[in-house]
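# Architecture at a glance
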Amino acid sequence: MKTVVLLVKNGIGFGHIRRAILIAEAIRKEGRLRPVIVSQASSLSLFRDTAVEVVNFPLLHRVSSAVAEDSYTAVLDRLLHRLDPAVVIEDTYPDPRYLSLPALAHRPRLLVMRRLDGTSFDLLRSQGRFGAYDAILIAQSPEDFGREGHSGQSVAAVQGSGRFTFVGNLCYCPSPAEIGQMRQRYAPAGERLVVVNGGAGGDQMPDGYGDRLFHACAHVAAQLREESSPARFVFVTGPYYAGRALQETPNVTVRRFEPQLAALLAAAHVAVIKPGNNALSEALLGQAQLVLVPDVSFMEGLDEHAARIAEQYGGATASTDPVVLASHIRASLARPLRTTRPAPNHGGLATVIRAIDALAQPSRIGIPLRRLMLILIPGAGQSPVALRGSLPRALRGALIIDETSEADMTAVAQIDTEASKPPRSRAVLLGGDAPRHPPQMIADQGVQLLISRSRTAPGWIERWQRLAPSVPTPVVIGSCSIKAVADGEQLFYRALARLFDTADPACAVLDLASLPSTSAIEDYLTRISGWLQSQPVELVPPESLTERYTRHSLEL
């Protein structure tokens, strides 16, 4: 049986490990592949109840010396060589350490990526950190991804590169029986349950977030107890909690680790949580009123995200100030259970498993043909329809300027500087000056590709885009402009041969307007068609170039 290795790191939280276990157990249940988790974690609590094989290393970037790090890395490389994985899966943060391991060179790689704030995603993309992966599965919906404030270049890469797939949020969805067990365990008399959790308990910064959160909630619990409130509190501190000791009282239960945290959050009437991706996702599936207490975060932008979640699903954002928390907890206890919540994402995990299975299958690997996007400008007085009807078989994949296809959208269009709005098109052939339309208006028309008439894009294109950035940002490519001349096919052949020396896929614009007649156009096209048919060249649509150039933007 082939092996799938899941490489996961855990610094101060448990989200990465929870996601890895969820995927690994689903792989194991399918029975076609053998999952092995290779982790870097300070606590093994989450692994105690899983049947999946686990090999744990210390966090390599926190070991005592460079010598120790090199030694552990060498052991890791030997282990991976022995495991001989058919697929390698990483979680969220591409790790340069893994990229440099000889045992993983040229292996099929998949990245499962939870939400990142727009700035962090843009940084990873611009550093080329996504370039090593065959597929990247984003654990968000397209709508939620769009709310993160990603740059136009990042949105274009996600939409056009063919590497990214949205699979929706991935988290454990507890059964009604599991939720009932948690209510019976922690609120057996039907008391309103307040669950407090700060992730795995670690602090991103040495600012005592966990200590402040739990002791503020302990103060609130003491107040409510004095008032004879029936509310019960469960503090799940996490194994990395390093704050002052917490005392259990008649209305406060303290747990360092709760293996059924997802069910406990679903059983709660109020969830006071650090809104990290995993705990927040699990809390949202339940009906608890949310009190979100952001901490300093790594690549998550928790303050902004918490505010969006509170607005979308109801709830409040708060600080660790005891007075502020008391106000929000009291108000939340007085409200009915929350009814606005996301639907469970039952299909997301299945999509992940299918992607893993596909990468694990042997495939025929070959070197593709040279790809050419050939754009034809009709002859004088010739319509796109008439030109299309006269094309030889080998040129039927060519594009014709302003030829309308399905849904009144053209494949390639020219921009009329006098028109009130640009045409609906996949690609636009630019003129010598900046369009009068702003970039966003052009992007809104479905344009993914801007084609310069010269081999290198003139500076005004970059300035025009930079002054008013669009989302997504269309890809800009150069082209080779060729003017058809009667009996001058050799010029066309030489131009394409030189073009392919430096570009693949390539774009050529062939202007037929100088040919004297329709019959001359047909003769010229017949001759170049015969030549192209004998060459290792395939004609491709705009989407092919968009995909290639957006993929290039992901690489170092």
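Provided above is the structure to which this section pertains.
Calculation rules
Residues numbered from 1 in each chain as written. Predicted model: local features only at pLDDT ≥ 70, side-chain atom pairs only at ≥ 80, totals over all residues. Heavy atoms only, no water. Salt bridge = Lys/Arg side-chain N within 4 Å of Asp/Glu carboxyl O. Helix = DSSP H or I, 4+ residues; strand = E, 2+ residues; numbered from the N terminus. Buried < 20%, exposed > 50% of the residue type's maximum accessible area, 1.4 Å probe, protein only. Core = buried A, V, L, I, M, F, W, Y, C linked by side-chain atoms within 4.5 Å. Contact = heavy atoms within 4.5 Å. 1 Å grid on protein atoms, 1.4 Å probe; cavity = no way out; pocket = protein on both sides within 12 Å on 5 of 7 lines; lining within 4 Å. Points joined across faces, edges and corners; volume = space filled by probe spheres on them. Pairing = 2+ DSSP bridges. Axes fitted to C-alpha atoms, helices over the stretch in contact; angles between N-to-C directions. Arc of directions from axis to C-beta.

### So, the pattern of salt bridges
According to the stated counting rule, one finds 27 salt bridges in the structure shown. Here Glu53 and Arg34 are joined by a salt bridge, their closest N and O atoms 2.8 Å apart. Here Glu53 is found in strand 3 (residues 53–57), whereas its partner Arg34 is found in strand 2 (residues 34–40), with 19 residues between them in sequence. On the basis of relative accessible area, Glu53 is assigned to the partly exposed category, the value being 39%. Two residues, Arg527 and Glu489, come together in a salt bridge whose shortest N-O distance is 2.9 Å. Placement of Arg527 in helix 18 (residues 518–533) and of Glu489 in helix 17 (residues 489–502) is noted, with a sequence separation of 38 residues between them. Judged by relative accessible area, Glu489 falls into the buried class, the value being 11%.

### Concerning the nonpolar core
Val4, Leu6, Ile23, Ile27, Ile37, Ile89 and Ile356 are the most contacted members of the largest nonpolar core, which totals 34 residues. Sorting the residues of this core by element identifies strand 1 (3–9), helix 1 (15–30), strand 4 (87–91), strand 5 (109–113) and helix 13 (346–360) as the ones contributing at least two each. No other element matches helix 1, which puts seven residues into this core. In contact with Ile37, other than residues within four places in its own chain, are Leu6, Val8, Ala20, Ile21, Ala24, Phe47, Val52, Glu53, Val54 and Val55. Ranked by size, the runner-up nonpolar core spans 30 residues in total, among them Leu372, Ala398, Ala503 and Ala520.

### Considering the layout of surface pockets
When its volume is computed, the second largest pocket comes out at roughly 670 Å³. Taken together, 31 residues form the lining of the second largest pocket, with Gly168, Asn169, Leu170, Cys171 and Asn345 sitting closest to its centre. When residues of the lining of the second largest pocket are traced back to their parent elements, those giving at least two are helix 10 (277–285), helix 11 (302–313) and helix 13. The element that contributes the greatest number of residues to the lining of the second largest pocket is helix 11, accounting for six residues.

### As for the sheet that holds strand 19 (residues 475–477)
Reading across from one edge, 16-17-18-19 is the order of the four strands in this open sheet, with parallel pairing throughout. In the strand order of this sheet, the two ends are held by strand 16 (410–414) and strand 19, each with one partner. For this sheet, the mean inter-axis angle between neighbouring strands, taken without regard to orientation, is 25°. Across four bridges, strand 16 lies against strand 17 (residues 425–429) in parallel orientation.

### Describing helix 16 (residues 459–467)
Owing to its 3.6 residues per turn, the α-helix aligns residues three or four sequence positions apart on the same side. Looking only at helix 16, the buried set comprises Trp460, Ile461, Trp464 and Gln465. Projected down its long axis, helix 16 carries its buried residues within an arc of 130°, all on one side. What points out from helix 16, more than 90 degrees from its buried face, is the exposed set Glu462, Arg466 and Leu467. Against the buried residues of helix 16 lie helix 15 (439–443), strand 18 (449–451) and strand 19.

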